[in-house]
Structure formats: C-alpha cells, structure tokens
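# Per-entry structural report
Below, each chain spelled out in residue letters.
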Amino acid sequence: MAFRLVVQFSMSNDENTPSPDEVSHKTSSNPLILHGRHFGRTVFALCNYPALLAAGILQLEELQDSPLEDFPADVQQEHRVFMELLDSYPGLLDRLTNGEEEDIIHMGDLLGKGASGAQGDNTKTLRSAVLEWLVPRGQAVIPPLSQNIKSDRGFNHKATGALLCPTGLDWLDAETKQSLKSGETTVHGDQWPMFLYAGYIYNSEDPWKGLLRSKILIFITTRSSNAYLHGMKCVTKGSLAYIAMQIWFSLSSSSVFSQTNTITDSKNFYHTILDLLEDPDESEEVGDLMTWWTRWVFPNSSSSQCSISKNSALSKIQEKRAALQERTIAGLH
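Residues numbered from 1 in each chain as written. Predicted model: local features only at pLDDT ≥ 70, side-chain atom pairs only at ≥ 80, totals over all residues. Heavy atoms only, no water.

As a further point, take the overall build of the protein. Across its full length, the protein holds 15 helices and 0 strands. By residue count, 42% of the 333 residues in the protein fall in the buried class. Residue pairs in contact within the protein that sit at least 24 positions apart in sequence constitute 68% of those at least 6 positions apart. Carbon together with sulfur atoms contributes 53% to the accessible area of the protein, which is approximately 18600 Å² in total. (Helix = DSSP H or I, 4+ residues; strand = E, 2+ residues; numbered from the N terminus. Buried < 20%, exposed > 50% of the residue type's maximum accessible area, 1.4 Å probe, protein only. Contact = heavy atoms within 4.5 Å. Areas by Shrake-Rupley, 256 points an atom, 1.4 Å probe, with all protein chains shown as cover.)

As structure tokens, then:
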C-alpha cells in the first residue's frame, strides 16, 4: 500500500491515547521523542510518523513478492526514509512488528512530537539569530527589524527581500521588487532564493556554483550542537535541506510555520532541495558539496581529511560511472 494512501491512518483514539498526566514525565527524556528530534533535523523533517510506520510495515510485507524498484518513485523514497529510521533506532522494527495498531500509532506520535518540538525550538531561536547575518558585522539594519515581529520581513524589507529574491529575478529592479512585495509575483518552493548561494551570487550558466555554501547557512549550521550529541561525524543531506528551510522561514514575513503555507511554500522548498541532493545524476557535485560541509563543521573528522585512493575499488566505480555518463551524453548529440 502506498504511503500517501495511509496518511489518514487513525492518529487519535480516545481509548488508546495516553492522558497528559501519563506522558508528561516522559516528554523530555523519552528515547523516541529524543530520536524524533534528531531524525527530523538530520534525515527527514516533514513527516507524518504514524503513517510512515504503518506504511513501512505494510511495504515490508509487499517487498517479499516484488522488488522496491517496481513501486512508484515516491513510494521508494518514503520506504528509504522508513528504513533509515529503522537503522538509526535499534529494536524499533521488533517493537513495530510485535505491537498492536495503537502501539504503532503511539510510537509514531512520540517520534512526531520530537520532530515537531525540535522544529519549533529551531524556528524560535532562528527568528532572532538570523538577523545577525543580514548586514556586515558592526552595521545596523536600516530600517530596523524586530526580533519578535515578522510582518516587516520578507519582501517588505530591502535586506530580507534581497536574500529571498528568487534566482533569475533582479531585486534591484523597482518593478520586480514591487511585484514581489505586493504578492503579484508568486514565489514557489522550487524558485530558490539568493541566500542559498555563496556571496549571494547566482550564475545561470553554472547553477551549481556556490549552491548551499553561503555564509548564512554556515553560521546557522555551525552554531548547532545537536550533531555532536548524537555522535555525528559529517553533515547530512537532510540537515542541509532542513537548515535552508528554517532560514527561508526566518527571513519570511510569515508568523507561523506551516507545510501548506502558500507564502513560503516550505514543503516544496524542502523537498526540491532534498531531491537534488539525493539525485544519483548529481552525485559528483553532491559529493563535493558534502565533503566541503564536513570539513567546515567537523574539521577533525576522518571523512573530511581523507581523499579517495587511486586505483581503489571506489575510484574505479566512480570512473566507470563518469565514462558511462560521457557515452550517454555523446549519444544524444
């Protein structure tokens, strides 16, 4: 059964849902809640966990008869997220397969509570922290921006507007600026903003150049200690997409984070970035990007210090893939 077919999987049952008194003493230390906080930040943020767990169990049964490649792309992606969740939490599969329906719902709710709690905490923190990077150090934001009120952000302010302006549009053009400010020009999640690029410079001839390497991304990433608490040694693709989404919302004029918000289109923004980072055809650029990030955030990590050895199996695999791509491209001309 496809993941999206079970999104309406019953998530609340008065008879089975623990009362607030029953769970209040566990909210900050429950292992599933803590893991949900980490998983949402570093692997997959916008997730309906009860539905993911229910669909994942059903998918495991179906995979006994058909390979994963026979299923639609969205089902494959969602199942990979489910498998990453299982791999990252020992014993979870046994609890899911041996539990009743209400147990699965409850475990999903705990994971979801952790993920949404972390997202809320980060949103609150970045609301003010992001203002530190709007202008060079020592300079004031003019006109001033409130740390708590967001209505004057987004395209309503020249500093936040310049960073949120989609690549391909000219923020310095008065007509473009007014169209964005008034909402006449609608910005969709796949129209990535300038703040994703190093130096806030976009090269249409080389759109990978500087992508996801801006100073504001580095600042927000390096101030997080969550990765160290979980023993991570490298930046993940999910964490990059998550931080970009958080910054996008922090710069926007929206006061409440919502996946379905039509002003920020956060869900589409997050997914398009993550899709690019997980695209096999972009593996070379993505590999360089992730190595660059690991060196920035974890300079002492062995993965940031080692290069691929010549004549190794890995180098041969990469050479073979590159040759195959060249032949494919040549065949198109």
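The next subject is helix 8 (residues 174–182). Along helix 8, the residues classified as buried are T176, S179 and L180. Viewed end-on, helix 8 has its buried residues packed into an arc of 95°, placing them on one side of the element. The positive-phi residue at the C-terminal boundary of helix 8 is G183, with phi of around 90°. (Arc of directions from axis to C-beta.)

Glancing now at the nonpolar core. The nonpolar side chains of a soluble globular protein tend to be buried with one another. Counting 75 residues, the largest nonpolar core has L96, F195, L196, I247, F269, Y270 and I273 as the members making the most contacts within it. Ranked by the residues each element gives to this core, the list is headed by helix 11 (residues 237–251), at 10 residues. Apart from the residues lying within four places of it in its own chain, the contact partners of F195 are L163, L164, Y200, S214, I216, A244, I247, W248, L251 and F269. (Core = buried A, V, L, I, M, F, W, Y, C linked by side-chain atoms within 4.5 Å.)

As a further point, take the packing of helix 9 (residues 215–222) against helix 13 (residues 283–297). Between helix 9 and helix 13, whose axes approach to 11 Å, the crossing angle comes to 50°. The angle between helix 9 and helix 13 places the two elements in the oblique class. Here helix 9 runs over helix 13; the crossing is right-handed. Note on element contacts: helix 13 touches helix 9 through W292, W293, W296 and V297, opposite L217, I218, T221 and T222. (Axes fitted to C-alpha atoms, helices over the stretch in contact; angles between N-to-C directions. Parallel < 35°, antiparallel > 145°, perpendicular 65-115°, else oblique. Left-handed = near helix turned anticlockwise from the far one by under 90°.)

Enumeration over the complete set of coordinates arrives at 1 salt bridge. Put simply, D121 and R37 hold a salt bridge, and the shortest N to O gap is 2.9 Å. Linking D121 in helix 6 (residues 101–129) with R37 in helix 2 (residues 31–42), this pair joins segments that are 84 residues apart in sequence. Since its relative accessible area comes to 22%, R37 is described here as partly exposed. (Salt bridge = Lys/Arg side-chain N within 4 Å of Asp/Glu carboxyl O.)

Moving on, we come to unusual backbone geometry. Glycine aside, a negative phi is what most residues show, and trans is what most peptide bonds show. Of the consecutive residues I142 and P143, the connecting peptide bond is found in the cis state with omega at -10°. Within the secondary structure layout, P143 lies in the loop between helix 6 and helix 7 (158–164). Unusually for a residue other than glycine, Y200 sits at a positive phi of about 55°. The topology assignment puts Y200 in the loop between helix 8 and helix 9. Overall, the relative accessible area of 29% leaves Y200 in the partly exposed class.

Across the protein, pLDDT averages 82, with 80% of residues at or above 70. Every residue in residues 1–26 is under pLDDT 50, and counting partners more than four places away or in other chains gives 30 contacts. (pLDDT = per-residue confidence, 0-100.)

What follows is about the packing of helix 3 (residues 49–62) against helix 4 (residues 73–88). Contact geometry of helix 3 with helix 4 gives a least axis separation of 9 Å together with a crossing angle of 100°. Considering their axes alone, helix 3 and helix 4 lie roughly perpendicular with respect to each other. Each of Y49, L52, L53, G56, I57, Q59 and L60 in helix 3 lies in contact with helix 4, whose residues at this interface are V75, E78, H79, V81, F82, M83 and L85. Per-class residue counts for the contact of helix 3 with helix 4 are 10 nonpolar, 3 polar and 1 charged. (Nonpolar A, V, L, I, M, F, W, Y, C, P; charged D, E, K, R; others polar.)

The tally for this structure, following the rule as stated, stands at 8 aromatic pairs. Ring geometry for F44 versus Y270: centroids 6.0 Å apart, planes at 75°, classification edge-to-face. Of this pair, F44 sits in the loop between helix 2 and helix 3 while Y270 sits in helix 12 (residues 266–277), and the two are 226 residues apart along the sequence. According to the relative accessible area criterion, F44 is buried, its value standing at 8%. Put simply, the rings of W292, W293 and W296 touch in pairs and so form one group of aromatic residues. The ring of F249 has K150 lying over it, and the distance from NZ or CZ to the ring centre is 3.6 Å. (Phe/Tyr/Trp six-rings, centres within 6.5 Å; stacked < 30°, edge-to-face > 60°. Lys NZ or Arg CZ within 6 Å of the ring centre and 35° of its normal.)

Let us look at the environment of L52. Looking at the secondary structure, you find L52 in helix 3. Sequence separation between L52 and G108 is 56 residues; the distance between their C-alpha atoms is 7.9 Å.

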